[in-house]
Number of protein chains: 2
Amino acid sequence: MLFFKVKGEVRYGKKKLGTQTVKFKNPPSIIAGGTIVGPKEGEGPLRDYFDMILVDDTYGEKSWEKAESKMFQDAVNLALKKANLKISEIDYLLGGDLLNQIISANFAARQLNVPHFGLYGACSTMTEGLTLGAMLIDGGYADYIIAATSSHFSTAERQFRYPLEQGIQRPFTSQWTVTGAGATILASTGEGPYITHATTGKVVDLGMKDANNMGAAMAPAAADTIITHFKDTGFTIEDYDLIMTGDMGRVGRDILLELLYKEGYDIESKYKDCGIEIFDESQDVHSGGSGAACSAVVLNGWLLSQIQNGVYKKVLFMATGALLSPTSSQQGESIPGIAHAITISTTL
Amino acid sequence: MLFFKVKGEVRYGKKKLGTQTVKFKNPPSIIAGGTIVGPKEGEGPLRDYFDMILVDDTYGEKSWEKAESKMFQDAVNLALKKANLKISEIDYLLGGDLLNQIISANFAARQLNVPHFGLYGACSTMTEGLTLGAMLIDGGYADYIIAATSSHFSTAERQFRYPLEQGIQRPFTSQWTVTGAGATILASTGEGPYITHATTGKVVDLGMKDANNMGAAMAPAAADTIITHFKDTGFTIEDYDLIMTGDMGRVGRDILLELLYKEGYDIESKYKDCGIEIFDESQDVHSGGSGAACSAVVLNGWLLSQIQNGVYKKVLFMATGALLSPTSSQQGESIPGIAHAITISTTL
């Protein structure tokens, strides 16, 4: 189904009209992940899995935005250290974040001095970068790539919603933007875990307009990509040990499970969401965590560790993005969603 | 220099440590370009080369932002029509724009219903998309991709500088953001013009802080990518019929030529800038045109037509981005630049 013939040669790739999934010929290995999180995330249930926990979310900088860019840079440096690589050995950085003009990524890239592709996929950035990065490696253009992203509660709240000083009450559907940054290094050679497949999402919008209910805005896109993945690959739910989304939160989780159930996919027994796992209910984050860093730090912290320890062998990992914009929202537009899924497997 | 050996097989690609250039094995063909511009661009010297000229820059929409997204969508549709393709035959859209959360691209992608990678490279987006798109095709992941971008004078001015109603005086170093959108379709098979090489830029920042002098902010990044391209490929200036930048404007042009001259590269006789070509000096645009659409409409309008007519056979085309952000500027940061170059050639 995923094979096609070109000039008499069997090749892998995305060629069947209408499919959105690539199967990699030489699947890249995830060789290192770097994570850094804020104080609140450092008090959560996954605290033991992060490389660095800030005691102060300004990180010694004069603004939260500068702090976020520094976290981005340090997540990359932490990953480099673990992989025993220098930045000059990295072929491309694929990075983005939630801030206007992706300043966290761009200013970090300035310091890192590496060929850079700037991405904007909102909270789907982690798997957008990993998908493109895997293609660049499998395609023969790179030996090593870094995919990275960040978010910060204080920079996101004041850009997307209200000034923090206003102390506005948050509805129960709202999510808490994760303060943190995560970076993954992919390599052309390695012993896994491998990225074997990638399903690229479409922008889906069922008309949700509430900036405090990102889970509902993302659920249709998340469902669309998961269903497309199963149809394109022929995989079933049983093929996976874990199906994990980026930041659906409790509200989005329930909608997603229902949307999938209606289409004949009951994934509940295999399902987890980074946004639900990263905080404890006692931390008063309402529907759960969110932000581009949510999936990035859970993937590069907790999940890679679980895979390394043999807990999971094959995972469908999908960062989910709500394409929320204050400008378009003020002009009456709804909030579209997008989700990109990758298959992480310990075997080929 | 650009060859490397893997498992006894000679392959093309970017493998030599420190290089930033890819040479494509099966160079993708540019099979169509779609352009749409605003009224002012439609009065400029390149007016005959655009597919559509708006008589009203609101394009019948209630906001300039909605108009910009509609232009983005229509540039894609114009390109599809010329290529005689349906959107369902396109494997990936690689799109971005200047607006926060790239709403022009994302809302267009929502209507187009196509797998989408959102990019943010400011005014370098056109060649960022073409570079990644060429890799996706040459790598075997796509038969057809669309790279597209847009900008709009009124959306950009009010987001990056001042409300238009304020009628603020523009200094002579300032540039006029092009209202328009351009889309290119790349195909795995075709008769050219081909994208044969791609040099991916780094974020470069020499400390420029003036939001009304983008040319100066971009010049160091532009020089860096051009010099890297010549060093990586071994090409000389004589190998090219034309070296064209995206939106340096007159101020940036002079700085770029000087920076290159100091490093031993005298490109002046082969050099043009989209930002200088798109407007006539009588149009009172000061240093010239700018914006993500500037390079996009000149490439997909004027340049492809010149190549088709045999005027140019080998072109180094480089969109140039100033990573200007009101947030970081207000926090005292300078404006970094980035530039991505591609070689367009009629022969292989």
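Residues numbered from 1 in each chain as written. Chains lettered and ligands numbered in written order. Predicted model: local features only at pLDDT ≥ 70, side-chain atom pairs only at ≥ 80, totals over all residues. Heavy atoms only, no water.

Engineer: Quick one: what's the story with the side chain of B:Gln20, residue by residue and with numbers?
Structural biologist: Summarising the element assignment, B:Gln20 is placed in the loop between β2 (9-12) and β3 (21-23). A polar atom in the side chain of B:Gln20 sits 2.7 Å from the backbone oxygen of B:Thr200. (Helix = DSSP H or I, 4+ residues; strand = E, 2+ residues; numbered from the N terminus. Polar contact = N/O pair within 3.5 Å; in protein donor to acceptor, adjacent residues only side chain to side chain.)

Engineer: Can you lay out the packing of aromatic side chains for me, pointing to particular residues and giving the numbers?
Structural biologist: All names here are of chain A. Counted by the stated rule, this structure contains 14 aromatic pairs over all chains. Seen in terms of ring centroids, Phe153 and Trp176 are 3.8 Å apart; in terms of plane orientation they differ by 5°. Their pairing is stacked. Note that Phe153 is positioned in helix α4 (residues 153-160) and Trp176 in strand β9 (residues 176-177), a separation of 23 residues in sequence. Each of the two residues, Phe153 as well as Trp176, counts as buried. Taken together, the ring pairs connect Phe230, Phe235, Tyr240 and Tyr265 into an aromatic cluster. The residue whose ring lies beneath Lys40 is Trp176, and the NZ or CZ to ring-centre distance is 4.2 Å. (Phe/Tyr/Trp six-rings, centres within 6.5 Å; stacked < 30°, edge-to-face > 60°. Buried < 20%, exposed > 50% of the residue type's maximum accessible area, 1.4 Å probe, protein only. Lys NZ or Arg CZ within 6 Å of the ring centre and 35° of its normal.)

Engineer: Pulling in residues and values, what's your account of the layout of surface pockets?
Structural biologist: Space inside the second largest pocket adds up to approximately 390 Å³. Going through the elements one at a time, α9 (326-330) of chain A together with α4 (153-160) and α9 (326-330) of chain B are the ones with two or more residues in the lining of the second largest pocket. Its residues placed into classes, the lining of the second largest pocket shows four nonpolar, twelve polar and two charged. (1 Å grid on protein atoms, 1.4 Å probe; cavity = no way out; pocket = protein on both sides within 12 Å on 5 of 7 lines; lining within 4 Å. Points joined across faces, edges and corners; volume = space filled by probe spheres on them. Nonpolar A, V, L, I, M, F, W, Y, C, P; charged D, E, K, R; others polar.)

Engineer: Go over the pattern of salt bridges with me, naming the residues and quoting the values.
Structural biologist: One pass over the full model with this rule turns up 24 salt bridges over all chains. In this structure, B:Asp51 and B:Lys82 form a salt bridge, with 2.8 Å as the shortest nitrogen-oxygen distance. Here B:Asp51 is found in the loop between β4 (29-37) and β5 (52-53), whereas its partner B:Lys82 is found in helix α1 (residues 64-83), with 31 residues between them in sequence. The network of salt bridges with common partners includes A:Lys66, A:Arg110, B:Asp205 and B:Glu333. (Salt bridge = Lys/Arg side-chain N within 4 Å of Asp/Glu carboxyl O.)

Engineer: Describe the environment of A:Gly332, with residues and values.
Structural biologist: Residues and elements named next belong to chain A. Examined against the element boundaries, Gly332 turns out to sit in the loop between α9 and β16 (337-345). Overall, the relative accessible area of 39% leaves Gly332 in the partly exposed class. In sequence terms Gly332 and Phe235 are 97 residues apart; their C-alpha atoms lie 39 Å from each other.

Engineer: Pulling in residues and values, what's your account of the interface of chain A and chain B?
Structural biologist: Every contact between the two is made by 66 residues of chain A and, on the other side, 65 residues of chain B. Both faces considered, chain A and chain B share a buried interface measuring about 5500 Å² in area, 54% of it formed by carbon and sulfur atoms. Remark: the boundary between chain A and chain B carries six salt bridges. Residues A:Arg110 and B:Asp205 are paired through a salt bridge, measuring 2.5 Å at the closest nitrogen-oxygen approach. Remark: the boundary between chain A and chain B carries 27 residue pairs in polar contact (both at pLDDT 80 or more). (Contact = heavy atoms within 4.5 Å. Buried area = accessible area lost by both parts, 1.4 Å probe.)

Engineer: Help me get a handle on the confidence of the model for chain A, residues and values and all.
Structural biologist: Detailed reading of predicted coordinates is not advised where the pLDDT is low. All names here are of chain A. Per-chain confidence: chain A averages 94 in pLDDT, with 95% of residues scoring 70 or above. Counting interchain partners and residues more than four positions distant, the pLDDT-below-50 stretch residues 1-11 has 27 contacts. For this predicted complex, the interface confidence reaches an ipTM of 0.95, while the overall pTM sits at 0.95. (pLDDT = per-residue confidence, 0-100.)

Engineer: Explain the pairing of strand β16 (residues 337-345) of chain B to me, and be specific about the residues and the numbers.
Structural biologist: Along any regular strand the residues' side chains alternate between the sheet's two faces. Residue and element names in this part refer to chain B. Within β16, nine of the nine residues are buried, which leaves the element mostly enclosed by the surrounding structure. Burial of the side chains of β16 extends over both faces: Gly337, Ala339, Ala341, Thr343 and Ser345 are buried on one face and Ile338, His340, Ile342 and Ile344 on the other. As judged from the five bridges shared by strand β11 (residues 194-199) and β16, these two strands associate in the antiparallel manner. Opposite Ala198, over in β16, you have Ile342 as the bridge partner. Where strand β15 (residues 314-322) lies against β16, nine bridges are found, and the strand directions are antiparallel. In the strand pairing of β16, Lys314 is matched with Ser345. (Pairing = 2+ DSSP bridges.)

Engineer: Explain helix α1 (residues 64-83) of chain A to me, using residue names and the numbers behind them.
Structural biologist: The terminal C-alpha atoms of α1(A) lie 29 Å apart, and with 20 residues this matches the ideal 28 Å at 1.5 Å per residue to within 8%. Of the residues flanking the end of α1(A), it is A:Asn84, one or two places downstream, whose phi is positive at about 55°. (Expected span 1.5 Å × (residues − 1).)

Engineer: Could you give me a rundown of unusual backbone geometry, with the residues and numbers involved?
Structural biologist: In this structure, the amide linkage connecting A:Gly192 to the following residue, A:Pro193, adopts the cis form with an omega of 0°. Relative to the assigned elements, A:Pro193 resides in the loop between β10 (180-187) and β11 (194-199). For B:Ile102, which is not glycine, the phi dihedral falls at a positive 35°.

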